[in-house]
Amino acid sequence: FGLEEESNGQQEQEYKQQGLGSGIIISKDGYILTNHHVIQDMDELTVILTDDREFNAKVIGTDPLTEIALVKIEASNLVPAVLGNSDNLQIGEWVLAIGSPLELNFTVTAGIVSALSRDINIIRDREGYSIENFIQTDAAINPGNSGGALVNSNGEVIGVNTAIASSTGSYIGYGFAVPINLSKKVVDDFMN
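All values derive from a computational prediction rather than experimental measurement. Here the residue numbering is sequential within each chain, running from 1 through the sequence in written order. Confidence filtering applies because this is a predicted model: local features only for residues at pLDDT of at least 70, side-chain atom pairs given and counted only at 80 or more, and all residues used for totals across whole chains, interfaces and linings. Side-chain figures throughout are based on the complete set of non-hydrogen atoms in the structure, without hydrogens or water.

1. As for the pattern of salt bridges
Side chains carrying opposite charge are able to pair once their charged atoms draw close together. Just so we agree on the cut-off: Salt bridges, as used here, are contacts in which a Lys or Arg side-chain nitrogen is within 4 Å of a carboxyl oxygen on Asp or Glu. When a residue's accessible area, from a 1.4 Å probe over protein chains only, is under 20% of the maximum for its type it is buried; when over 50% it is exposed; and in between it is partly exposed.
For the coordinates displayed, the defined rule picks out two salt bridges. The partner of aspartate 51 in a salt bridge is arginine 53, with the nearest N and O atoms 2.8 Å apart. For aspartate 51, a relative accessible area of 42% translates into the label partly exposed. Between lysine 72 and glutamate 74 there is a salt bridge whose closest N-O contact spans 4.0 Å. The exposure class of glutamate 74 is exposed, given its relative accessible area of 62%.

Structure (structure tokens):
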């Protein structure tokens with residue numbers, strides 16, 4: 001989904017900065033799973049669905065230590081994604097990365113699970129604590145894919161696309177996703 005931030009600059013000049021990220025619909029009534037860094041520092045969130053409907057969204061919860069966020073739109077009868085079991089993943093299993101990379105809306109790339117339980121030192125609090133347990137994949141993940149689904153060959157979401165290993169800022173071979181089982185625990189905490 002697309003995200004927009006509105007702010008006032010010096011001398012009362014208005015400007016609009018637009019960011020782009022992805023999300024996963026997880027309920028019929030409009031709960032959407034995404035990444036913390038996709039929605040952080042945003043004043044206004046707009047969700048654009050694949051059928052081009054646009055909704056204002058509100059943040060329900062965000063956790064920088066797991067990179068998971070939950071937002072809500074006022075909608076009904078949405079088709080939620082099927083959430084799988086990331087504990088059953090195997091290295092070499094085929095996966096698809098779904099999202100809106102580089103402003104190319106609703107893009108799918110394919111690859112395999114390259115590694116499990118990766119700690120790549122990108123999430124740390126001031127005391128050095130983090131919860132990193134990334135799924136590594138060679139499915140192309142680029143800026144804008146963040147918050148999108150990593151899906152197994154059964155069409156089940158098994159991860160939330162979150163990061164890339166790159167010296168250029170674009171895909172060079174490896175991407176990382178938060179396992180869906182960890183994401184579900186965080187979302188349950190937000191809902192409770």
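Past the structure itself, the notes keep going.
2. So, the environment of glutamine 136
The following threshold applies: Note on conventions: DSSP H or I runs of at least 4 residues are helices, E runs of at least 2 residues are strands, and numbering of each starts at the N terminus.
Position of glutamine 136 among the secondary structure elements: in strand β10 (residues 134-137). Using a relative accessible area of 7% as the deciding quantity, one classes glutamine 136 as buried. Sequence spacing of glutamine 136 and phenylalanine 176 is 40 residues, and the spatial spacing of their C-alpha atoms is 4.6 Å.

3. Some words on the pairing of strand β12 (residues 157-165)
Both faces of the sheet carry side chains from a regular strand, because those side chains alternate between them. Selection criterion: Pairing between strands requires that DSSP locate at least two bridges from one strand to the other.
When you tally the buried positions in β12, you get seven out of nine residues, the bulk of the element. Between strand β11 (residues 149-152) and β12, which pair antiparallel and follow one another directly, the connecting turn spans four residues, one of which, glycine 155, has a positive phi of 80 degrees. The pairing of β12 with strand β13 (residues 174-179) spans six bridges and is antiparallel. The residue bridging glycine 159 from the neighbouring strand is proline 179, located in β13.

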